[in-house]
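# Residue-level structural notes
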Amino acid sequence: MAATEARIIRLLMELRRQGISDTRTLSAIERVPRDRFVADPFLDQAYENRALPIACGQTVSQPLIVGMMTQALEVTDRMKVLEVGTGSGYQAAVLAQLCRRVYTIERHKSLLVAAEARFRSLRIHNITSKVGDGARGWPEQAPFERIIVTAAAHDIPPLLVEQLQVGGIMVLPLGDTEQDLVRVVRTGDGIDIQHLGGVRFVPLVEGVPEE
Ligand code: SAH
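The following paragraphs examine the structure supplied in this document. Please read all numbers here as calculations on a predicted model, not as lab measurements.

### Details of the side chain of Thr104
Mapping Thr104 onto the fold places it in strand β4 (residues 101-106). A polar contact of 2.8 Å, which involves the side chain of Thr104, links it to the side chain of Thr86. When sequence neighbours within four positions are dropped, the list of residues in contact with Thr104 reads Glu83, Thr86, Ala92, Ile127, Thr128, Ser129, Lys130 and Trp138.

### Side note on the nonpolar core
Counting residues in hydrophobic clusters, the biggest one holds 46 residues, and the most contacted among them are Tyr90 and Phe119. Those elements that provide at least two residues to this core are α1 (2-17), α2 (23-31), α3 (63-73), α4 (90-96), α5 (109-121) and β7 (164-174). Those residues in contact with Tyr90, other than ones at most four positions away along the chain, are Ile29, Val32, Arg34, Phe37, Val60 and Val66. Tyr103, Ile147, Leu172 and Leu174 belong to the second largest nonpolar core, which has 18 residues in total.

### Looking at empty space enclosed by the protein
Across all of its chains, the model carries 1 cavity of 30 Å³ or more by this definition. Within this model, the largest cavity holds a volume of roughly 30 Å³. For the largest cavity, the full set of lining residues is Ile8, Leu11, Leu12, Ile29, Glu30, Val32, Arg34, Tyr47 and Tyr90. If you tally residues by element for the lining of the largest cavity, the top one is α1, at 3 residues.

### Concerning the packing of α1 against α2
Here α1 crosses α2 at 155°, and the two axes come no closer than 10 Å. Here α1 is positioned roughly antiparallel relative to α2, judged by the angle of their axes. Two packed elements cross with a definite hand, and for α1 against α2 that hand is right-handed. Contacts between α1 and α2 pair Ile8, Leu12, Leu15 and Arg16 from the former with Leu26, Ile29 and Glu30 from the latter. Class assignment for the residues of the contact of α1 with α2 results in 5 nonpolar, no polar and 2 charged.

The rules we used
- Sequence order sets the numbering: in each chain, residues are counted from 1 along the sequence as written.
- Side-chain atom pairs in this predicted model are given and counted only at pLDDT of 80 or more, local residue features only at pLDDT of at least 70, and totals for whole chains, interfaces and linings cover all residues.
- For side-chain calculations, the full set of non-hydrogen atoms in the structure is used, while hydrogens and water are omitted.
- To qualify as a helix, a DSSP run of H or I must reach at least 4 residues; to qualify as a strand, a run of E must reach at least 2; elements of each kind are numbered from the N terminus.
- In protein, a polar contact requires one atom able to donate a hydrogen and another able to accept it; more generally it is a pair of N or O atoms within 3.5 Å, and residues adjacent in sequence count only if both atoms are side-chain atoms.
- Contacts are assigned to residue pairs with any non-hydrogen atoms lying within 4.5 Å of each other.
- Think of a nonpolar core as a cluster: buried Ala, Val, Leu, Ile, Met, Phe, Trp, Tyr and Cys residues, connected wherever their side-chain atoms sit within 4.5 Å.
- Relative accessibility thresholds used throughout: buried, under 20% of the residue-type maximum; exposed, over 50%; partly exposed, between the two (1.4 Å probe, protein chains only).
- Here a cavity denotes grid points, spaced 1 Å and computed from the protein atoms alone, that fit a 1.4 Å probe unable to get out, and a pocket denotes an open set having protein on both sides within 12 Å along at least 5 of 7 lines; residues with an atom within 4 Å of a point are the lining.
- Grid points are joined across faces, edges and corners, and a volume is the space filled by probe spheres set on the points.
- Whenever a helix is involved, its axis is fitted only over the stretch in contact; in every case the axis is a line through C-alpha atoms, and angles between N-to-C directions fall within 0 to 180 degrees.
- Working rule for angles: under 35 degrees goes down as roughly parallel, over 145 as roughly antiparallel, 65 to 115 as roughly perpendicular, anything else as oblique.
- In this scheme, a crossing is called left-handed if the near helix is turned counterclockwise away from the far one by less than a right angle; it is called right-handed if the turn is clockwise.
- Each residue gets one of three labels, nonpolar for Ala, Val, Leu, Ile, Met, Phe, Trp, Tyr, Cys and Pro, charged for Asp, Glu, Lys and Arg, and polar for the others, Gly among them.

Here is the structure:
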């Protein structure tokens, strides 16, 4: 559809203007049809630069935030990436364009089932997913070269640092109402932290709900 293409191009131009300069990140965003990840009532806004509601009171992140986080992760094509907070699956699908395999964890089973159906229908085969408390990570698959958390934690989850390879990068929003996007690099004897700016995410919640 020509109209959709024009909207995608407009969105990419806006992301560039707002500081997303990494061409691999931009082309991954260009390739993943965001309209397949949003709920029907919001279809006409799929390529607007805004967060949109999904089921279970959650949101699919704003494209600018997806771009910032993806760019800050510096993913390359042989890497294993862990995502906490699958949600719609959009961020995982973007990362899947750039790395070897994405492992993604979601605490709401119904969201995960819907995201897995999207991956199948888009023929994205390098995403492995499960229901669980993502703050515990995925020890059987660790270490990860990159970790992205798409829900806001109060503190950096220690089990995730443990599962990050030395030299690896983790990007996550930290804080309660006022949140800051941070980029953590695991060093030989600890972590280095860099602040990327203010953001708003849904909270990281402990445990898995009954559904
Ligand atoms: N990356 C998503 C954004 C989803 S919003 C996307 O691209 O659509 C954040 C998601 O994190 C929500 O779906 C929420 O249910 C999930 N979440 C919150 N706490 C969690 C936890 N402890 N473990 C796993 N998922 C969690």
